[in-house]
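# Structure at a glance
The chain contents come next:
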Amino acid sequence: MTGEREDLLEEILDREWDMFQKVRSASPASCQSSPDTFRKIRGSIFQLWPTQLMAAYIIELCESQLEGRNLLTEKYARMDNLIPAINTNPVIDEIVAIEEKWQEEIRQKYPGLYARSCRSTDPTGDGRNFSVYLRCELETYGDIALELYYDWVDQARRAETNCSLTMLSHIVLDSGFKSLDEAEAFWAKESGVDPEE
């Protein structure tokens, strides 16, 4: 990453971590007590974002803080179905549909790693479901960031690039594995997933 992008990434992570520490949800996230894990997981997402999207999201984080809003509290409140929809921009459904396909590709190619590292796309009735989680997060974004986000994932889709798989690869390499295949072999064995299934 360039110096400018690294600075944007660090600002996003700092602001999100500050908000995340104040979240009180029905199902507290384990990484609330682990800033390194939080930064590794969230950083794997944001480091792929286009610079313009990163900058737009920082503006939204800053503006929400000035308004006394906590975007992560709002996300978890939506996941717990405690508040109504925050943003009904139709691109949210389009983004979720693209990323659901990316998750399914991961499940097919790396079932052990998927079972260990990914939110299931199977219905769960709560925020543990990938689509619910993503939709609730996207609802906290403003329309400018949402349009930039949609342009990014749509371009990736048309280029047949799975950004979720790229993010997972970053996490795997940061965790000490040499490749996705090595991580898959390890976690398939740990979780009892038969790679031949």
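A few points on the structure. Since this is a predicted model, take the numbers as computed values, not measurements. Throughout, residues of each chain are indexed from 1 in the direction in which the sequence is written. Where totals are concerned, whole chains, interfaces and linings use all residues; where local detail is concerned, this predicted model gives features only for residues with pLDDT of at least 70, and gives and counts side-chain atom pairs only at 80 or more. Neither water nor hydrogens contribute to the side-chain values; these are computed over all heavy atoms in the structure.

Let us now look at unusual backbone geometry. Phi is positive for N81, close to 60°, though the residue is something other than glycine. A helix here means a DSSP run of H or I that spans at least four residues, while a strand means a run of E at least two residues long, and both kinds are numbered starting from the N terminus. As for its placement among the helices and strands, N81 is situated in the loop between α4 (71-79) and α5 (91-109). The exposure class of N81 is exposed, given its relative accessible area of 63%. Backbone geometry at E160 places phi at a positive 60°, although glycine is not the residue there. Residue classification places E160 among the exposed residues on the basis of a relative accessible area of 76%. To sort residues, take the accessible area from a 1.4 Å probe on protein chains only and compare it with the maximum for the residue type: under 20% means buried, over 50% means exposed, and anything in between is partly exposed.

Moving on, we get to the packing of aromatic side chains. Aromatic rings from Phe, Tyr and Trp, taking only the six-membered ring of Trp, are treated as a pair when their centres fall within 6.5 Å; an angle between ring planes under 30 degrees marks them as stacked, one over 60 as edge-to-face, and anything in between as tilted. Inspection of the entire model under this criterion finds 14 aromatic pairs. The interplanar angle of 55° and the centroid separation of 5.1 Å between the aromatic rings of W17 and F38 together place this pair among those described as tilted. With a gap of 21 residues between them, W17 in helix α1 (residues 3-20) and F38 in helix α2 (residues 35-46) connect regions that are remote in the sequence. Summarising the burial analysis for this pair, W17 and F38 share the class buried. Consider the rings of F46 and W49, whose centres lie 4.8 Å apart with planes at 85°: the pair is edge-to-face. Summarising the burial analysis for this pair, F46 and W49 share the class buried. The structure contains a cluster of three or more aromatic residues connected by ring pairs, namely F46, W49, Y57, Y141, Y149 and W152.

What follows concerns helix α9 (residues 163-174). Between its first and last C-alpha atoms α9 spans 17 Å; for 12 residues at 1.5 Å apiece the expected length is 16 Å, and the two agree. Residues C163, S164, L165, M167, L168, S169 and V172 constitute the buried set of α9. Distance and chemistry together define a polar contact, namely a pair of N or O atoms within 3.5 Å, with one atom able to donate a hydrogen and the other to accept it when in protein, and with adjacent residues in sequence counting only for side-chain atoms on both sides. In this structure N162 caps α9, since a side-chain oxygen of it lies 3.0 Å from the backbone nitrogen of S164. Among the residues trailing α9, G176 stands out with phi positive, at a value near 100°. To estimate the expected span of a helix, count its residues, drop one, and scale the result by 1.5 Å.

For side chains of opposite charge, pairing can occur when their charged atoms come near one another. In what follows, salt bridge is the name for a side-chain nitrogen of Lys or Arg lying within 4 Å of a carboxyl oxygen of Asp or Glu. Summed over the entire model, instances satisfying the criterion amount to 15 salt bridges. R15 serves as the salt-bridge partner of E11, at 3.0 Å between the closest nitrogen and oxygen. Of the two residues, E11 and R15 are both situated in helix α1; the distance of four residues between them amounts to about one turn of the helix. For R15, a relative accessible area of 25% translates into the label partly exposed. Residue E74 pairs with R69 through a salt bridge whose shortest N-O separation is 2.7 Å. Taken together, the shared-partner salt bridges in this structure form one network comprising E16, R42, K75 and E137.

Below, the discussion takes up the nonpolar core. By nonpolar core we mean a set of buried residues, namely Ala, Val, Leu, Ile, Met, Phe, Trp, Tyr and Cys, connected to one another through side-chain atoms within 4.5 Å. The biggest cluster of nonpolar side chains holds 43 residues, and the ones touching the most others in it are W49, L138 and Y149. At eight residues, the largest contribution of residues to this core is made by helix α8 (residues 143-158). Non-local contacts of Y149, meaning those with residues more than four positions away in its chain, are made with W49, L53, I95, E99, L134, L138 and Y141. In this structure, Y110, Y114, C118 and L165 belong to the second largest nonpolar core, which totals 12 residues. Any two residues having at least one pair of non-hydrogen atoms within 4.5 Å are treated as being in contact.

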